[in-house]
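What follows is the residue order along each chain.
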Amino acid sequence: MENEKTENRKSKKKNKYKGAVIGLSIATGILGASTVGLGIAYGVSMSQAGDYSTQLENIYKKNYFELVENANSVDTNISKLLASDDQKYQAKMLAEISQDSKEMQGNIAAMPLSGDSIMQSVRFINQMSGYTQILEEKIQSGEPLSQSDLEVLEKMHESLTEMKLFLNKMSDRMINGYNIVKARKKRHGDFDDFNLDFGQMHADESDYPTMIYDGPFSDSVVNKKVEGLSGKEMTKEEVHTKVDEIFKNATNLKYDGQTNGKFKTFNFVVRNADGQKLFVQATKVGGHILNVSGHNESGVKNFDYEQAEKIALDFAKITGIDGAKVVWHQELDDQIYFNLAPVQNGIILYPDLVKVKVDLEYGNVVGYDAIAYLTNHKERSLDKAEITKDDARAVIDKSFEIGDGRLCLSPLDFNREVLCWEFECQRDNATYYIYINAKTGIEENILKVVETTDGSKLM
């Protein structure tokens, strides 16, 4: 399992960010390549004394510097790959390049970037991830890299080197005081200063290499259609009213600009009766709550798990997500993180995952992420399982202690949604989630739970 091979490298790499609240990142592993950018509401250490603009700046800066680190790692590994003739080593480098590219996708998605100025760069990163994964599978099947493959990788390296040079120059500006939040407030027509500055990443207009392959980020799927938005396009005032109705204990609700990325949103700062400050993004289409970001760190617990679970489910319901159930939870200090998923015919719909964070002092929702739900939710015609639970369990290596299984729709590579039997398994004091295709009996995916100082995540 390549995830296990790279586990130590990844955990060491992320230790420098251990102050971040990543309790909900277990869902990142579950969602895999089909979902990007889910960490924007939870991925940063919050300061009680700072105002929200500082918190938001920390979110953006964290993702920017992780993007730089991942780009540097990819650049180095492509150099190593091109210098080696050993197929085993080439496969290892390709796996690491693909994984780092996927992380770059998430980093970019979590920053306030929009417009055509970065689309070609984003497409290049997406295709780089998919293409290197295809090449890794090619080597694993016993077929060596062709001269054409090596030429594409060489061109990819040249393009990435140019991108890396820009990112490192931008890093110097960040270190010397460049403020993303302030740059966003300076607008020039349809664009703000940050998007104009970042758009220079491809200012030389050099062509990125063309990568033709049947992969998850081919041009037919790179710009995945948002499936879950419903309703008409609303005015700022209409969305303001809807947000005010959802946050019933709000004492102050202030408009805080708009975002024109994959989701067009109106943004608000909410101050509730308990003195908590929340940043809320609601979509212009339908006024759906997309993101809520806030924090509570008093250490006081006045609510128990059952009460917090009801609060999370009730909040999801009033935002339009009905019929969901808790599929995972974790308590960290005085907050509980919930992953909710709709259930259809007894099948958990993981592509439509929703994240909710509830503080245990006041019983308020202080974190919410419906990006995956609003991207993927749609009416689905689901097949019945052709493999029984017992037959699926028999596929799993006998060295595992295998728990009870449940049916789920699992988002996998190449934008596939596959009906699977999900099993929670134990081995050597570690927890794994193993997914067996409910039609073919093929082992589709294995995820390992990694305990960190900030909670659990899947690799």
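Conventions adopted
- Residues numbered from 1 in each chain as written.
- Predicted model: local features only at pLDDT ≥ 70, side-chain atom pairs only at ≥ 80, totals over all residues.
- Heavy atoms only, no water.
- Helix = DSSP H or I, 4+ residues; strand = E, 2+ residues; numbered from the N terminus.
- Expected span 1.5 Å × (residues − 1).
- Salt bridge = Lys/Arg side-chain N within 4 Å of Asp/Glu carboxyl O.
- Buried < 20%, exposed > 50% of the residue type's maximum accessible area, 1.4 Å probe, protein only.
- Contact = heavy atoms within 4.5 Å.
- Patch = residues over 30% accessible without salt bridge, like charges linked within 9 Å, V, L, I, M, F, W, Y side chains within 5 Å.
- Areas by Shrake-Rupley, 256 points an atom, 1.4 Å probe, with all protein chains shown as cover.
- Lys, Arg positive; Asp, Glu negative; His and termini not counted.
- Charge placed at Lys NZ, Arg CZ, Asp CG, Glu CD.
- Pairing = 2+ DSSP bridges.
- Core = buried A, V, L, I, M, F, W, Y, C linked by side-chain atoms within 4.5 Å.
- Disulfide = S-S within 2.5 Å.
- Phe/Tyr/Trp six-rings, centres within 6.5 Å; stacked < 30°, edge-to-face > 60°.
- Lys NZ or Arg CZ within 6 Å of the ring centre and 35° of its normal.

Engineer: How should I be thinking about helix H7 (residues 147-175) in this particular structure?
Structural biologist: A turn of α-helix holds 3.6 residues, and therefore any two residues three or four places apart point the same way. In this model, H7 (29 residues) spans 41 Å end to end at C-alpha, consistent with the 42 Å of a helix rising 1.5 Å per residue. Immediately beyond the C-terminal end of H7, within one or two residues, lies Gly177, with a positive phi of roughly 110°.

Engineer: Can you walk me through the pattern of salt bridges in this structure?
Structural biologist: Enumeration over the complete set of coordinates arrives at 16 salt bridges. Taking the shortest distance from any N to any O, the salt bridge between Lys232 and Glu238 comes out at 3.4 Å. For the salt bridge of Arg380 with Glu417, the shortest nitrogen-to-oxygen distance reads 2.9 Å. Taken together, the residues Arg380 in the loop between helix H12 (371-376) and helix H13 (389-395) and Glu417 in strand S13 (residues 417-427) connect sequence positions 37 residues apart. Under the relative-accessibility criterion, Arg380 is labelled buried at 9%.

Engineer: I would appreciate a short explanation of the environment of Ile402 in the present structure.
Structural biologist: Among the structural elements, Ile402 can be located in strand S12 (residues 401-411). Its relative accessible area of 25% is what places Ile402 among the partly exposed residues. Distance in space between the C-alpha atoms of Ile402 and Phe423 is 6.7 Å, their sequence separation being 21 residues. Once you skip the residues sitting within four places of it in the chain, Ile402 turns out to touch Arg393, Ile396, Asp397, Phe423, Glu424 and Cys425.

Engineer: Looking at this structure, how should I read the environment of Lys262?
Structural biologist: With respect to the secondary-structure elements, Lys262 resides in the loop between strand S3 (250-260) and strand S4 (264-272). Using a relative accessible area of 52% as the deciding quantity, one classes Lys262 as exposed.

Engineer: Looking at this structure, I do not really get a positive patch on the surface. What am I missing?
Structural biologist: Positive charge collects at one region of the surface, where Lys182, Lys185, Lys186, Lys254, Arg271 and Lys277 lie side by side. Using a relative accessible area of 56% as the deciding quantity, one classes Lys182 as exposed.

Engineer: For this particular structure, what's the right way to read the pairing of strand S5 (residues 277-283)?
Structural biologist: Note on strand geometry: in a regular strand, side chains alternate between the two faces of the sheet. The element S5 is largely enclosed, with a buried count of six among its seven residues. In terms of strand pairing, S4 meets S5 through seven bridges, oriented antiparallel. By the bridge assignment for S5, Asn267 is matched with Gln281. Counted between consecutive antiparallel strands, the loop separating S4 from S5 contains four residues, among which Gly275 sits at a positive phi close to 85°. Sheet analysis places S5 next to strand S6 (residues 289-293), joined by four bridges and oriented antiparallel. Residue Ala282 lies in a different strand from S6, and its bridge partner there is Ile289. In textbook terms, the turn of a hairpin is the stretch between consecutive antiparallel strands, and for S5 and S6 this stretch comprises five residues, one of which, Gly286, has a positive phi near 85°.

Engineer: Quick question: what am I supposed to make of the side chain of Ser101 here?
Structural biologist: Mapped onto the elements, Ser101 comes out in helix H5 (residues 87-109). Residue Ser101 is classed as buried on the basis of its relative accessible area, which comes to 0%. Filtering out sequence-adjacent residues up to four positions away, Ser101 remains in contact with Val74, Ile125, Met128 and Ser129.

Engineer: Looking at this model, I keep getting lost on the nonpolar core. Mind explaining?
Structural biologist: The tendency in soluble globular proteins is for nonpolar side chains to be buried side by side. Met128, Leu167, Phe194 and Phe198 are the most contacted members of the largest nonpolar core, which has 44 residues in total. Mapped by element, the contributors of at least two residues to this core are helix H4 (52-82), H5, helix H6 (119-140), H7, helix H8 (180-185) and helix H9 (193-199). Those residues in contact with Leu167 that lie beyond four places of it in its chain are Tyr64, Leu67, Val68, Ala71, Phe198 and Met201. Formed by 37 residues, the second largest nonpolar core is a distinct cluster that contains Leu278, Phe338, Tyr368 and Ile371.

Engineer: When you look at the state of the cysteines in this model, what are you seeing that I'm missing?
Structural biologist: A covalent bond bridging the sulfur atoms of two cysteines is what the word disulfide describes. The tally for this structure, following the rule as stated, stands at zero disulfides. Take Cys408: it sits in no disulfide, and the sulfur closest to it among the cysteines is that of Cys420, at 5.5 Å.

Engineer: Explanation requested: the packing of aromatic side chains in the structure shown.
Structural biologist: Each aromatic ring pair is specified by the distance between its two centres and by the angle formed by the two planes. Inspection of the entire model under this criterion finds seven aromatic pairs. For the pair Phe315 and Tyr368, a centre-to-centre distance of 5.1 Å together with 75° between the ring planes defines the contact as edge-to-face. With Phe315 in helix H11 (residues 305-318) and Tyr368 in strand S11 (residues 365-369), this pair connects stretches of sequence that are 53 residues apart. For Phe315, a relative accessible area of 7% puts it in the buried group. Looking at Tyr368, the relative accessible area reads 0%, which means it is buried. In this arrangement the basic side chain of Lys284 is found over the ring face of Phe266, its NZ or CZ atom lying 5.2 Å from the centre. The ring of Phe400 is capped by Arg427, whose NZ or CZ atom sits 4.1 Å from the centre of that ring.

Read these as geometric descriptors, not functional statements.
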